[in-house]
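Commentary on secondary and tertiary structure
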Amino acid sequence: MANQANSKGICILGATGTIGANTLDVLSNHSDRFHIVALTANNDVDGLHKLCARYRPPLAAMADPDKAAQLRQRLRDDDLPTEVLAGQDALCQLAEHPDVHTVVAGIVGAAGLPPTLAAARAGKRILLANKEALVMSGQLFMDEVGKHAAELLPIDSEHNAIFQSLPADFSGGLEAAGVNQLLLTASGGPFLNTPLEKLEAVTPEDACAHPNWVMGRKISVDSATMMNKGLEVIEACWLFSVTPDDITVVIHPQSIIHSMVSYVDGSILAQMGQPDMRTPIAHALGWPGRIAANVKPLDFFSLGQLEFRQPDMEKFRCLALAFEAFQRGDSATAILNAANEIAVDSFLERRLRFTDIPRVIEQTLDETPLEKPDSIEHILEIDAQARAHAVDVARHLERA
């Protein structure tokens with residue numbers, strides 16, 4: 001290991017997930033530039049134990065206190081040096097730890113919001129994969145990033161592609177940058193060519209079989225409904241200071257072009273590459289420079305045809321609901337996110353049909369009063385209320 005005084009300390013929130021695994025793969029080739037300070041997980045004791053044994057970070061945390069106790073004992077038994085913290089507050093402590101320079105925000109869902117916000121308030125460089133930080137609390141989160149001079153770099157492949165395709169000095173305001181449109185690409189998921197009338201019968205296994213990306217179950221279902229793209233539209237609005245009218249979703253099944261920026265002179269700049277999360281992660285870790293990601297370069301001679309289509313908003317109702325929620329404003333996007341998480345969980349547990357997912361979201365949006373959130377506590381309160389209502393809606397649909 002290189003002298004840590006000359007390298008950047010990394011905290012990975014959600015180290016046992018897909019983002020964590022890809023980040024660790026990139027970091028393993030750059031031990032002279034980065035060292036791991038902290039790794040976190042929710043309840044995967046086996047997964048985090050293996051990572052602590054391999055990387056020997058000084059700190060780790062598990063959101064589930066019982067699981068943290070199990071991990072602590074196993075590390076003691078193996079005579080491993082990692083100190084284990086427990087609970088949601090521990091994730092925030094590690095995100096703002098003074099030895100941490102960069103926080104990789106890879107926790108899926110609303111649970112990722114508090115530690116990501118803590119990283120912003122501590123002025124960290126944040127590699128953002130957690131959509132919910134912006135979907136639930138866009139204005140509050142961006143205000144904290146600006147107030148504390150944090151650096152926010154997107155590592156979702158689409159947002160990272162837009163970031164790379166915008167001018168290097170872009171600070172918001174498309175007109176001043178000569179931009180007229182952001183083109184956000186979408187694979188279309190596993191049901192792109194499935195007729196609408198057949199979607200009612202699809203199973204969780206069908207929905208999780210993404211044609212291009214290896215992802216967790218929740219985000220795989222979001223890709224199948226195209227809610228994932230809807231959340232990305234909301235996220236892009238906050239990241240790049242635009243409105244949904246400035247964004248066009250383009251279905252591109254091959255996932256070779258990760259997104260594009262259209263300029264007023266007719267130029268379109270696109271970021272292309274293999275569908276491999278290590279590329280955007282390496283870009284953000286090395287920014288403003290570049291570091292190797294061990295990703296095989298594109299072979300243009302074997303690519304074949306690249307396709308582009310308009311999304312079917314009736315078939316992919318979740319995408320339309322995301323556009324509508326941002327336009328409604330206030331707490332609508334937080335309600336959308338909460339209802340979606342409940343609906344997806346119910347589908348994965350085989351209690352709802354796939355086509356019930358947008359029904360739960362739309363009814364919850366229509367029946368939950370909008371509020372103007374002014375703190376993280378208020379946002380989490382809105383989230384809890386929306387979840388409770390979505391549970392009721394889902395139960396009613398189960399009986400239908």
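Residues numbered from 1 in each chain as written. Predicted model: local features only at pLDDT ≥ 70, side-chain atom pairs only at ≥ 80, totals over all residues. Heavy atoms only, no water.

Notes on the nonpolar core
Counting 95 residues, the largest nonpolar core has Phe141, Leu182, Phe240, Leu336, Phe354, Ile357 and Ile361 as its most contacted members. A per-element tally of this core places helix H13 (residues 332–348) first, with 11 residues. Excluding its chain neighbours within four sequence positions, the residues that come into contact with Ile357 are Val221, Thr225, Cys318, Asn340, Ala343, Val344 and Phe347. In this structure, Ala15, Ala41, Leu71 and Leu127 belong to the second largest nonpolar core, which totals 34 residues. (Core = buried A, V, L, I, M, F, W, Y, C linked by side-chain atoms within 4.5 Å. Buried < 20%, exposed > 50% of the residue type's maximum accessible area, 1.4 Å probe, protein only. Helix = DSSP H or I, 4+ residues; strand = E, 2+ residues; numbered from the N terminus. Contact = heavy atoms within 4.5 Å.)

Some words on the packing of helix H6 (residues 132–147) against H13
In the contact formed by H6 and H13, the axes pass within 8 Å of each other and the chain directions differ by 150°. In terms of their interaxial angle, H6 and H13 are classed as roughly antiparallel. Touching Glu132, Val135 and Met136 of H6 are Thr333, Ala334, Asn337 and Glu341, all from H13. For the contact of H6 with H13, the class distribution of residues is three nonpolar, two polar and two charged. (Axes fitted to C-alpha atoms, helices over the stretch in contact; angles between N-to-C directions. Parallel < 35°, antiparallel > 145°, perpendicular 65-115°, else oblique. Nonpolar A, V, L, I, M, F, W, Y, C, P; charged D, E, K, R; others polar.)

With respect to the packing of helix H4 (residues 88–95) against helix H5 (residues 113–121)
Packing of H4 against H5 brings their axes to within 8 Å, and their N-to-C directions diverge by 25°. With respect to H5, the element H4 is oriented roughly parallel. The hand of the H4/H5 crossing is right-handed. In contact with Leu91, Cys92 and Ala95 of H4, H5 contributes Pro114, Pro115, Ala118 and Ala119. Class assignment for the residues of the contact of H4 with H5 results in seven nonpolar, no polar and no charged. (Left-handed = near helix turned anticlockwise from the far one by under 90°.)

Observations concerning the pattern of salt bridges
Opposite charge on two side chains lets them pair, provided their charged atoms get close. Within the structure shown, the criterion is met by 24 salt bridges. Among the ionic pairs, Arg328 bridges to Asp366, the shortest N-O distance being 3.0 Å. Of this pair, Arg328 sits in helix H12 (residues 317–328) while Asp366 sits in helix H14 (residues 356–367), and the two are 38 residues apart along the sequence. Arg328 gets classed as partly exposed once you look at its relative accessible area, which sits at 34%. The network of salt bridges with common partners includes Lys131, Asp156, Glu158, Lys229 and Glu232. (Salt bridge = Lys/Arg side-chain N within 4 Å of Asp/Glu carboxyl O.)

Describing the packing of aromatic side chains
Using the criterion set out here, one finds four aromatic pairs in the structure. Centre to centre, the rings of Phe191 and Phe354 are 5.1 Å apart; their planes meet at 80°, and the pair counts as edge-to-face. A residue pair is termed long-range when its members are at least 10 positions apart, and Phe191 in the loop between strand E8 (179–186) and helix H8 (204–207) and Phe354 in the loop between H13 and H14 qualify at 163 residues. On the basis of relative accessibility, which here comes to 5%, the residue Phe191 falls in the buried class. (Phe/Tyr/Trp six-rings, centres within 6.5 Å; stacked < 30°, edge-to-face > 60°.)

Regarding the pairing of strand E2 (residues 34–41)
With respect to burial, E2 is a largely interior element, eight of its eight residues being buried. Note that strand E1 (residues 8–13) and E2 share five bridges and pair parallel. Note on E2: the bridge partner recorded for Lys8 is Phe34. In this view, the connection linking E1 to its parallel neighbour E2 by way of helix H1 (residues 18–27) has right-handed handedness. (Pairing = 2+ DSSP bridges. Right-handed = clockwise from strand over helix to strand, strands pointing away.)

Here's the deal with H1
Think of an α-helix as 3.6 residues a turn; residues three or four steps apart then line up on the same face. With respect to burial, H1 is a largely interior element, seven of its 10 residues being buried. Among all positions in H1, only Ile19, Gly20, Asn22, Thr23, Leu24, Val26 and Leu27 are buried. Of the surrounding elements, those touching the buried residues of H1 are E1, E2, helix H2 (45–55), strand E5 (102–105) and helix H11 (278–286).

Describing the sheet that holds E5
The seven strands are arranged E4-E3-E2-E1-E5-E6-E7 in an open sheet whose pairing can be described as parallel. In this open sheet, the two strands that pair with only one neighbour each are strand E4 (83–86) and strand E7 (151–154). Direction aside, the axes of adjacent strands within the sheet are offset by 20° on average. As judged from the four bridges shared by strand E6 (residues 125–128) and E7, these two strands associate in the parallel manner. Its bridge partner being in E7, Leu128 is matched across the sheet by Pro154.

What to know about the sheet that holds E8
Backbone-to-backbone hydrogen bonds join strands into a sheet, with any given pair of strands oriented parallel or antiparallel. Across the sheet, four strands lie side by side as E9-E8-E10-E11; this open sheet has mixed pairing. Each of the sheet's edge strands pairs with one partner strand only, and the pair in question is strand E9 (247–251) and strand E11 (268–272). Sheet twist, expressed as the mean angle between neighbouring strand axes with direction ignored, is 20°. In the sheet, strand E10 (residues 257–263) pairs with E11 via five bridges, with the strands oriented antiparallel. Looking across to E11, one finds that Val261 is bridged to Leu269.

None of the figures reported here should be taken as evidence of function without further support.
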